[in-house]
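Structure assessment
Residues per chain are reported as follows:
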Amino acid sequence: QVQFVESGGGLVQPGGSLRLSCAASGNLFSRYGMGWYRQAPGKQRELVAFITGGGSTNYADSVKGRFTISGDTAKNTVYLQMNSLKHEDSAVYYCIARTVHGTPFGSWGQGTQVTVSS
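Source: prediction; values computed, not measured. (Residues numbered from 1 in each chain as written. Predicted model: local features only at pLDDT ≥ 70, side-chain atom pairs only at ≥ 80, totals over all residues. Heavy atoms only, no water.)

Attention now moves to unusual backbone geometry. For N76, which is not a glycine, the phi torsion comes out positive at approximately 50 degrees. Among the structural elements, N76 can be located in the loop between strand 7 (67–72) and strand 8 (77–82). Positive phi is not limited to glycine here, since S84 has a value of about 50 degrees. Note on placement: S84 falls in the loop between strand 8 and strand 9 (91–98). Residue S84 is classed as partly exposed on the basis of its relative accessible area of 41%. (Helix = DSSP H or I, 4+ residues; strand = E, 2+ residues; numbered from the N terminus. Buried < 20%, exposed > 50% of the residue type's maximum accessible area, 1.4 Å probe, protein only.)

See the structure below:
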C-alpha cells in the first residue's frame, strides 16, 4: 500500500509562510496526480491543491494566489508553499495521490499540523 509522510508544519504568525513536504513511498508521478488536503477541528477534510501527472495545478479558491503546489519526481516528493497565512488556514494538512477521476489513492498519513496564530 502506498504511504505518505507529511512534514513542515508548525506555528506561524498571520502573514507568515510555511513549506510543507510530502514523501511518497513509491514513484507515483508517472501514473497519479498528488493532492494536499486539510482538516480543521469539527470540519470535513477539504482539498486545498492538486498537481496532475502532467504538471497542471489547481487550487481551492480560499488559497489561490497564496499557496503553490509543486513536485519533485526524482525524490517522490510533493511540496506546498504557503504564503500570507491566515488564521483560517490552521488545520492538519495531508497529502495523497489522486487518480485521474480525483479519487484519493493510497493510505492517509498522519498529516502535519499548521497553526496560524499571533
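After presenting the structure, the write-up continues.
Before going further, it helps to spend a moment on the packing of aromatic side chains. Using the criterion set out here, one finds 3 aromatic pairs in the structure. Residues Y37 and W108 carry aromatic rings whose centres are separated by 5.2 Å and whose planes lie at 85 degrees to one another, so their mutual orientation is edge-to-face. Here W108 lies in the loop between strand 10 (104–105) and strand 11 (112–116) and Y37 lies in strand 4 (residues 33–39), a separation of 71 residues in the sequence. With centroids separated by 6.0 Å and ring planes inclined at 85 degrees, the aromatic side chains of Y94 and W108 adopt a geometry described as edge-to-face. You can see Y94 sitting in strand 9 and its partner W108 sitting in the loop between strand 10 and strand 11, a full 14 residues away along the chain. Residue class for Y94 comes out buried when judged on its relative accessible area of 11%. (Phe/Tyr/Trp six-rings, centres within 6.5 Å; stacked < 30°, edge-to-face > 60°.)

Turning our eyes to something else, we now look at the state of the cysteines. Under the counting rule described, the total for this entry stands at 1 disulfide. Between C22 and C95 runs a disulfide, and the two sulfur atoms are separated by 1.6 Å. With the S-S bond torsion at 50 degrees, the cross-link from C22 to C95 turns out right-handed. Residue C22 is located in strand 3 (residues 18–24), and its partner C95 is located in strand 9; the two are separated by 73 residues in the primary sequence. For the pair C22 and C95, a shared accessibility class is recorded, and that class is buried. (Disulfide = S-S within 2.5 Å.)

An order of 1-3-8-7 is seen for the 4 strands of this open sheet, with the pairing classed as antiparallel. Each end of this open sheet is capped by a strand with a single partner; those strands are strand 1 (4–7) and strand 7. Taken over all neighbouring pairs, the strand axes of this sheet differ in orientation by 15 degrees on average, direction set aside. (Pairing = 2+ DSSP bridges. Axes fitted to C-alpha atoms, helices over the stretch in contact; angles between N-to-C directions.)

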